[in-house]
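# A look at the structure
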Amino acid sequence: MSLPTTHLGDGLTVSRLGFGAMALTGVYGSSTLAENLRALNHALDAGVTLIDTADIYGDGDSERTVGEVAGRRRDYMTIATKFGITGSIAAKTMRARNDPAYVRAAAEASLGRLGVDTIDLYYLHRRDVTVPIEDTVGAMSELVAAGKVRHLGLSEVTADELEAAHRVHPIAAVQSEWSVWSRDVERSVAPTAARLGIGFVPYSPLGRGFLTGALSDPATFAGDWRAGLTRFTGDAFATNQAVVTALTGIAADHGATAAQIALAWLYAAGDRLGLPVVPIPGTRRPERITENASAASIALTADDLRVLNALSASVVGQRSDFDDPNWTSDSRESTDR
Ligand SMILES: NC(=O)c1ccc[n+]([C@@H]2O[C@H](COP(=O)([O-])OP(=O)(O)OC[C@H]3O[C@@H](n4cnc5c(N)ncnc54)[C@H](OP(=O)(O)O)[C@@H]3O)[C@@H](O)[C@H]2O)c1
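The following refers to the structure shown. Since we're looking at a predicted model, the values are computed, not measured. (Residues numbered from 1 in each chain as written. Predicted model: local features only at pLDDT ≥ 70, side-chain atom pairs only at ≥ 80, totals over all residues. Heavy atoms only, no water.)

Moving on: the overall build of the protein chain. When you go through the protein chain residue by residue, the secondary structure sums to eleven helices and eleven strands. Whereas a compact globule of 337 residues would reach a radius of gyration of roughly 20 Å, the protein chain reaches 19 Å, a difference of no more than 12%. For the protein chain, the C-alpha atoms occupy an extent of roughly 50 × 50 × 40 Å along the three principal directions. Classification of the 337 residues of the protein chain by burial places 57% in the buried group. Summarising the internal contacts of the protein chain: among those between residues at least 6 apart in sequence, 76% fall at separations of at least 24. (Helix = DSSP H or I, 4+ residues; strand = E, 2+ residues; numbered from the N terminus. Rg over C-alpha atoms; globule rule 2.2 N^0.38 Å. Buried < 20%, exposed > 50% of the residue type's maximum accessible area, 1.4 Å probe, protein only. Contact = heavy atoms within 4.5 Å.)

Listed below in structure tokens is the structure:
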């Protein structure tokens, strides 16, 4: 099967939907290696070419699993991975590190775990604000010159950082959180990407599962990462169900699911802002990959968009609760842009 394709920036063409391989590392519930391989292979069978991983996911396990599939199906895959976070997600000991020597070492380690000669899209995962972004992207551009990386991307950068980086080397994609309940990137980052001809890869496009309506009972995620997020806990969890109710209502009108409406809204937001958008929902379940892949064909009405665009105003809780104040771009974005 094939999916429609989208041009990000810097001549990089990928399927209209990507696959988030952090889902295969137990962050939102456990899965076996066999289940992970089945999900990844199903994504490729469904025409998804952009496979998103990172060195930090599962302490390298996500890259190893992607590499196992790449051993047989490399030609079908656009492999995106990331560097720039040390420590462990499970232990919540993550810190950003961006110095050029670290960039080079991290790339070699990722190439080894993936078992490939070239990374198709190499992202800076988190900004270490002690290192000028020009130095980090300079080191990344040397990887391109050496043939170890094809295209460069940046995650959770501000508009100013994106412009500075793009002056050093063309940036193909920005990857930051963007969904119907996390819209801060629309202020400056996405318009800047649109102006520079850079594509956008929204992460957590389903709000870590919340926007699908599958998490009506907190017991379903009591043992995973989401149990510590303010949007998912206490009164906020109940208040934020209003977003799910709206998505579910619009889904019923279209004979679709809430997940599909959340993804269709992102495509419409990309059209509104004039930039290519390729969401990367993660799932351990093949049938959900098929479901998510058909979202691009849903045409939301003006009334739907009016309702969906109003939802984020009533959301309770921040999109990031991490203790590093620089962890996400919204906290560094200057207010005068
Ligand atoms: N750059 C960054 O800093 C950053 C940060 C976070 C994530 N990411 C990337 O973005 C990807 C996606 O983000 P995410 O995994 O945080 O969140 P997400 O894609 O918004 O949500 C994933 C959750 O949604 C569930 N799900 C997926 N499709 C569904 C459907 N159709 N119906 C019901 N539930 C569905 C999955 O559960 P099941 O597995 O049970 O289906 C999973 O728990 C990650 O895998 C990772 O590659 C990047």
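Here we come to the sheet that holds strand β5 (residues 78-83). The parallel open sheet is built from seven strands, whose spatial order is β3-β4-β5-β8-β9-β10-β11. The open sheet has two edge strands, β3 (19-20) and β11 (199-203), and neither has a second partner. Here strand β8 (residues 119-124) runs beside strand β9 (residues 149-155); their pairing, made up of five bridges, is parallel. Bridge assignment links tyrosine 123 to a residue of β9, and that residue is glycine 153. (Pairing = 2+ DSSP bridges.)

With that settled, consider the nonpolar core. With 99 residues, the main nonpolar core has Phe19, Trp178, Phe200, Leu247, Ile261 and Leu308 as its most contacted residues. For this core, the leading source of residues is helix α9 (residues 258-273), giving ten residues. Ignoring any residue separated from it by four or fewer positions in sequence, one finds phenylalanine 200 in contact with Leu8, Val174, Ser176, Trp178, Val185, Val189, Ala190, Leu275, Pro276, Val277 and Val278. Membership of the second largest hydrophobic core comes to 13 residues, among which are Leu8, Tyr123, Val201 and Ile280. (Core = buried A, V, L, I, M, F, W, Y, C linked by side-chain atoms within 4.5 Å.)

This paragraph deals with the environment of tyrosine 102. Assignment of secondary structure puts tyrosine 102 in helix α3 (residues 100-114). Residue classification places tyrosine 102 among the buried positions, given a relative accessible area of 15%. Each C-alpha atom, one on tyrosine 102 and one on phenylalanine 83, is 8.8 Å from the other, the two residues being 19 residues apart in sequence. With residues near it in sequence (within four places) discarded, tyrosine 102 still touches Asp55, Phe83, Gly84, Ile85, Thr86 and Arg97.

All chains considered together, the criterion is met by 22 salt bridges. Across the pair arginine 64 and aspartate 61 runs a salt bridge whose closest N-O atoms are separated by 2.7 Å. One end of the pair, arginine 64, and the other, aspartate 61, are both in helix α2 (residues 61-73), three residues apart, so they sit about a helical turn from each other. Arginine 64 sits in the partly exposed class, given a relative accessible area of 41%. A salt bridge links arginine 272 to glutamate 186; the shortest N-O distance between them is 3.1 Å. (Salt bridge = Lys/Arg side-chain N within 4 Å of Asp/Glu carboxyl O.)

This next bit is on the site of the ligand. Near the ligand you find 31 residues, and of these Tyr28, Asp52, Leu206, Thr283 and Arg284 are the closest. With respect to the ligand, the side chain of serine 204 contributes an N or O atom lying 2.8 Å from an oxygen atom. A distance of 2.7 Å is found between an oxygen atom of the ligand and a backbone nitrogen or oxygen belonging to leucine 206. Among the elements that line the shell around the ligand, the one with the most residues is helix α10 (residues 286-293), at three residues. In terms of residue class, the shell around the ligand is built from eleven nonpolar, eleven polar and nine charged. (Near = heavy atom within 4 Å. Polar contact = N/O pair within 3.5 Å; in protein donor to acceptor, adjacent residues only side chain to side chain. Nonpolar A, V, L, I, M, F, W, Y, C, P; charged D, E, K, R; others polar.)

What follows covers the environment of arginine 231. Considering the arrangement of structural elements, one finds arginine 231 in the loop between β11 and α7 (234-239). Residue arginine 231 is classed as buried on the basis of its relative accessible area, which comes to 8%. Between the C-alpha atom of arginine 231 and that of glycine 207, which follows or precedes it by 24 residues, the distance is 9.8 Å. Not counting residues up to four positions away in its chain, the partners in contact with arginine 231 are Glu177, Trp181, Ser182, Phe210, Ala236, Phe237, Asn240, Val315, Val316, Gly317, Gln318 and Arg319. Here tryptophan 181 takes part through its backbone oxygen, which lies 3.1 Å from a polar atom of the side chain of arginine 231.

This brings us to α3. For α3, spanning 15 residues, the distance from its first C-alpha to its last is 21 Å, which sits close to the expected 21 Å at 1.5 Å a residue. All of the buried residues in α3 are Tyr102, Val103, Ala106, Ala107, Ser110, Leu111 and Leu114. One side of α3 holds all its buried residues, which, seen down the axis, span an arc of 165°. On its buried face, α3 sits against α2, β5, β6 (85-86), β8 and α4 (133-145). (Expected span 1.5 Å × (residues − 1). Arc of directions from axis to C-beta.)

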